[in-house]
Amino acid sequence: MELLDFLMECAKIERTIEISRQFLTKFPSFHPYQAFKQIDLHDEGYITAQTMQVFLHRFGQLHTLKECGILFYKPEFKYVDFLRFLLPTNQLLRDYISHSDQKTQQSNECLKEIAKHISLEIVLMNNLLPPKSLDELANGTREDIECLFKKERLFVYQDEIDAIIKRLDFYGDGQIDLLLLKNWVLILNQQIKSKNEKESSSTFATPKKKVQIQNAIKTTERKGSTKKTPKVTNVSPKKRNLMEKQKSTKKVASYETQKQEIRGKIAQKKQEGETEKKMIKEAQTNKKNVNNLSKIKPKSPYEIIEYLLDKEIKIEKVKQQLALQKEFNTLDAFHALDVYGKGSIGVEEIDTLLNQKSGQSVHIFSRFNSNQLTYHDFLNLLQPYSVNFAEILNTRQPSIGGNQKKISQLFSNQTIKLLIELLTLLQQIPVKLNADIQLFTKIDSITRDNFIGVSDLQQYLYESGLRYTHHEAMLLINAYDKDKDGRLSLQEFLDM
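Residues numbered from 1 in each chain as written. Predicted model: local features only at pLDDT ≥ 70, side-chain atom pairs only at ≥ 80, totals over all residues. Heavy atoms only, no water.

The chain carries the name EF-hand domain-containing protein in an unreviewed UniProt entry, which gives Paramecium octaurelia as its organism.

Below, the structure written as structure tokens:
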């Protein structure tokens, strides 16, 4: 396999594993510490491939010791390594897990899902084909990976590079350790060789071949060589594990010395390029200042689209933060804002909450072509686009007697601040794009299906020097997509 194909396969694996990680956070009893304690039954303070195998066997996930060993870049996993292995990359979900009680015992269903998650990662990593060579990687940084794709003139998204680094960053320092990666690739090669040997030695093999293999085990002395001890065939599993541990520790020690030498060379290169980095940083800060000015007074189409995108991203972040507030739920908020108890929220009630002049929140109601918000409309306003955060918000139950309490009695000051911030962002009248058919055809350059999809929008912004992820670009399309088909028609685009 070529190096770039190998890196893209790693990105695909990381994406599927990340979905599985985010799924684990839906369980109320989920906490990484309790999962770690369940695997580390002897309270040794670390996990090995053997203890992982025992844990998986308990829940019907059968894997060999070698297959489990593909996850271990060092002989023992401490709790810090396990956290990096099990926690999702989303910072808000990480905060949500960290605030949960680690003393609560995990349900059997949750432990089964953790075992399935680990089994999925073992299967994916064992089926990964190693690259032919790693010589094209210079230092394993983000810039290094970007240069590889640029040399081949291939377009790669920023979240794909993040996924590659997350998958191959064994130490969690933001870059790929090339020595450990080479060691890991060697293990992959050995496993593929052993698989091929097993496939070649089928059940139809003649007994003569078996005798030849048994005789080949006996070692003969060569001239000028030291006496070799014959290989021990009858070894207990405990001794075998100790022997494997000793070998792995020796390998790690040798790799550590090599690693220090390479790091010294990299440090010299970094010192030489410090002045260049300072210049780049200054240029980036100048770019940011220019972008901020352009957001205040947008002129060109891509600047307006950038302004609208940044606004939708900000709205989504506030929605996610609000969903993570444990005391907040939409039904209590709706009843608290419905001051007159008529089953809907009016413009006056939003204006009083935001402490502003009457009529300033009209734009919120114009989305639904009405001067009153029903509970369904209110839920659409507050619900995040991300499925995980939306599920957290929707599964939360209202408080007892919440329909008779004021908003200050229901929620904390931080929650009320977030709700006010969200409503003020939603009531702002967006800048008009004043688009035409020529701009529509220009953006619809990839698919050419008379619709603007996520890939079309990303490519247009990329050509303008802007990079947005698939999720971020989808936020803008979702904001103006009236028929909710996941793309913008000509009329929907002209209405922006």
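Still to come is the rest of the account.
(A) Inspection of the overall build of the chain at higher detail. Helix and strand counts for the chain come out as 25 helices and 2 strands. Relative to its 496 residues, the chain shows a buried fraction of 40%. A fraction of 71% describes how many contacts in the chain between residues 6 or more apart in sequence connect residues 24 or more apart. For the chain, the accessible area works out to roughly 30000 Å², and carbon and sulfur atoms hold 53% of it. (Helix = DSSP H or I, 4+ residues; strand = E, 2+ residues; numbered from the N terminus. Buried < 20%, exposed > 50% of the residue type's maximum accessible area, 1.4 Å probe, protein only. Contact = heavy atoms within 4.5 Å. Areas by Shrake-Rupley, 256 points an atom, 1.4 Å probe, with all protein chains shown as cover.)

(B) Main features of the pattern of salt bridges. Tallying each qualifying case throughout the model produces 16 salt bridges. We note a salt bridge from R21 to E18, for which the minimum N-O separation is 2.8 Å. Here the residue R21 and the residue E18 both occupy positions in helix α1 (residues 3–24), the gap between them amounting to 3 residues, near one helical turn. A salt bridge links D495 to K482; the nearest nitrogen and oxygen atoms lie 3.2 Å apart. Residue D495 is located in the segment after α25 (490–494), and its partner K482 is located in the loop between α24 (470–480) and α25; the two are separated by 13 residues in the primary sequence. Here D495 falls in the partly exposed class, since its relative accessible area comes to 34%. (Salt bridge = Lys/Arg side-chain N within 4 Å of Asp/Glu carboxyl O.)

(C) Structural context of the nonpolar core. Core analysis: the biggest nonpolar cluster contains 58 residues, and L7, F55, I114, I118, L168 and W184 have the highest contact counts within it. With 9 residues, the single largest contributor to this core is α1. Each residue touching I114, except ones within four places of it in the same chain, is listed here: L24, F30, A35, F55 and Q106. By size, the runner-up hydrophobic cluster in this structure holds 31 residues, among which are F334, A336, L337 and L410. (Core = buried A, V, L, I, M, F, W, Y, C linked by side-chain atoms within 4.5 Å.)

(D) Structural view of the UniProt feature "domain: EF-hand" (unreviewed entry) in the chain. On the UniProt side, "domain: EF-hand" (unreviewed entry) is annotated at positions that read residues 156–191 and 468–496 here. End C-alpha to end C-alpha, residues 156–191 measures 30 Å, and it is 69% helix and 0% strand. The span residues 468–496 is 55% helical and 0% strand by assignment, and the distance between its end C-alpha atoms comes to 19 Å. (UniProt positions renumbered as here; feature names shortened; annotations may be inferred.)

(E) Quick peek at the confidence of the model for the chain. Taken residue by residue, the chain gives an average pLDDT of 78. The fraction at 70 or more is 83%. Of the regions scoring below 50 in pLDDT, residues 202–233 engages in 5 contacts with residues more than four places distant in sequence or in other chains. (pLDDT = per-residue confidence, 0-100.)

(F) Structural view of the packing of aromatic side chains. Within this structure, the stated rule accounts for 10 aromatic pairs. Measuring from ring centre to ring centre gives 5.4 Å for F36 and Y79, while their planes differ by 65 degrees; the resulting arrangement is edge-to-face. With a gap of 43 residues between them, F36 in helix α2 (residues 32–39) and Y79 in helix α5 (residues 79–86) connect regions that are remote in the sequence. Take F36: its relative accessible area is 4%, and that puts it in the buried class. Both rings, one in F440 and one in F493, keep their centres 5.7 Å apart while their planes meet at 55 degrees; by these two values the pair is tilted. One end of the pair, F440, is in helix α22 (residues 437–443); the other, F493, is in helix α25, with 53 residues separating them in the sequence. There is no split in this pair, since F440 and F493 are both buried. (Phe/Tyr/Trp six-rings, centres within 6.5 Å; stacked < 30°, edge-to-face > 60°.)

(G) Geometry of the environment of S370. If you trace the backbone, S370 turns up in the loop between α17 (362–366) and β2 (372–373). Its relative accessible area of 33% is what places S370 among the partly exposed residues. Here Q372 takes part through its backbone nitrogen, which lies 3.2 Å from a polar atom of the side chain of S370. (Polar contact = N/O pair within 3.5 Å; in protein donor to acceptor, adjacent residues only side chain to side chain.)

(H) Up close: helix α19 (residues 387–394). Buried residues of α19: N388, F389, A390, I392 and L393, and no others. Check the buried side of α19 and you find it contacts α1, α6 (91–99), α14 (301–323), α15 (330–337) and α18 (375–382).

(I) The packing of α15 against α18, seen in detail. As a packed pair, α15 and α18 sit with axes 10 Å apart at the nearest point and diverge in direction by 120 degrees. One way to sum up the angle between α15 and α18 is to call them oblique. When you trace α15 past α18, the crossing you get is right-handed. Facing T330, L331, A333, F334 and L337 of α15, the residues of α18 in contact are Y375, F378, L379 and L382. Considering only residue class, the contact of α15 with α18 consists of 8 nonpolar, 1 polar and no charged. (Axes fitted to C-alpha atoms, helices over the stretch in contact; angles between N-to-C directions. Parallel < 35°, antiparallel > 145°, perpendicular 65-115°, else oblique. Left-handed = near helix turned anticlockwise from the far one by under 90°. Nonpolar A, V, L, I, M, F, W, Y, C, P; charged D, E, K, R; others polar.)

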